[in-house]
Amino acid sequence: LHLHGRFVSGELPSDDAKLVIKSGESYNYEIRLPEEHMPGTHWYHPHRHGSTSFQLSTGAAGLVIVEDPPGYLPEEIAAATGVLLLVEAVDWEESSELAQESGASSDLFRIISPGSQTRAVIVNGQLRPTLTIDRNQWMRFRIANAGREGESFDN
């Protein structure tokens, strides 16, 4: 596991990207944020040495929200409906190649690959998702771009 955007220790029991958790095992992370840590939207991803590119290229990531302290935001924003958006660039062809190199099965990517398109941007794990928004409603969008640097795909 590796965290992005938060000021935390890089040693166990926190964000130690070198930790190996074998299949069938579990580990309880203890991530302590400093008292003065700013609120915000952050992201994490698996960080298995030799598999990180494979995991990121297939969309393995998630969001972590550090909540705002009371009175931190104007009331309209604090009370707004929250929408979490994790944006990732995925490349199913590259993922299949990386799976073969790491000895993993690429069968899953054949199932979820969108036809002839091999590269795409997904949001919350979905290709071309939709969101319905009511008029005159305050919304608070928390967006993290967990794609690879410089990647942009048309879709």
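Just so it is clear, the structure is predicted and the values come from calculations on it, not from any experiment.

What follows covers the confidence of the model for the protein. Keep in mind that low pLDDT regions are not for reading the predicted coordinates in detail. Taken residue by residue, the protein gives an average pLDDT of 77. The fraction at 70 or more is 70%. Element-level pLDDT for the protein is lowest in helix α4 (residues 107–112), with a mean of 50, against a maximum mean of 93 in helix α2 (residues 75–78).

The four strands lie next to each other as β6-β5-β4-β7, forming an open sheet whose pairing is mixed. Two strands bound the open sheet, and with one partner strand each, they are β6 (126–127) and β7 (139–145). Of the pairings in the sheet, the one linking strand β5 (residues 119–123) to β6 comprises two bridges and is antiparallel in character. Its bridge partner being in β6, V123 is matched across the sheet by Q126.

Moving on: the sheet that holds strand β2 (residues 40–45). Judged by pairing direction, the sheet is antiparallel, and its three strands sit side by side in the order β1-β2-β3 without closing on themselves. Each of the sheet's edge strands pairs with one partner strand only, and the pair in question is β1 (2–4) and β3 (62–66). If you compare each strand with its neighbour and ignore which way they point, the axes differ by 30 degrees on average. As paired strands, β2 and β3 are joined by five bridges and run antiparallel to one another. If you follow T41 over to β3, its bridge partner there is I65.

Within the element layout of this structure, L12 appears in the loop between β1 and β2. Taking relative accessible area as the criterion, L12 reaches 42% and is therefore assigned partly exposed. C-alpha separation for the pair L12 and I31, spaced 19 residues apart in sequence, amounts to 9.1 Å. Apart from residues no more than four positions distant in its own chain, L12 is found in contact with L19 and Y27.

Right, let's get into the pairing of β5. Alignment of strand β4 (residues 81–91) against β5, held across five bridges, turns out to be antiparallel. Its bridge partner lying in β5, A89 is registered against V121. The antiparallel pairing of β5 with β6 creates a hairpin that spans two residues between the two strands, and N124 there sits at a positive phi of about 55 degrees.

A complete count under the given rule lists three salt bridges for this structure. Residue D68 is joined to R140 by a salt bridge in which the shortest nitrogen-to-oxygen separation is 2.6 Å. A residue pair is termed long-range when its members are at least 10 positions apart, and D68 in the loop between β3 and α2 and R140 in strand β7 qualify at 72 residues. In the salt-bridge network here, residues are joined through shared partners; they are D68, R140 and R142.

Thresholds, definitions, all that
- Residues numbered from 1 in each chain as written.
- Predicted model: local features only at pLDDT ≥ 70, side-chain atom pairs only at ≥ 80, totals over all residues.
- Heavy atoms only, no water.
- pLDDT = per-residue confidence, 0-100.
- Helix = DSSP H or I, 4+ residues; strand = E, 2+ residues; numbered from the N terminus.
- Pairing = 2+ DSSP bridges.
- Axes fitted to C-alpha atoms, helices over the stretch in contact; angles between N-to-C directions.
- Buried < 20%, exposed > 50% of the residue type's maximum accessible area, 1.4 Å probe, protein only.
- Contact = heavy atoms within 4.5 Å.
- Salt bridge = Lys/Arg side-chain N within 4 Å of Asp/Glu carboxyl O.

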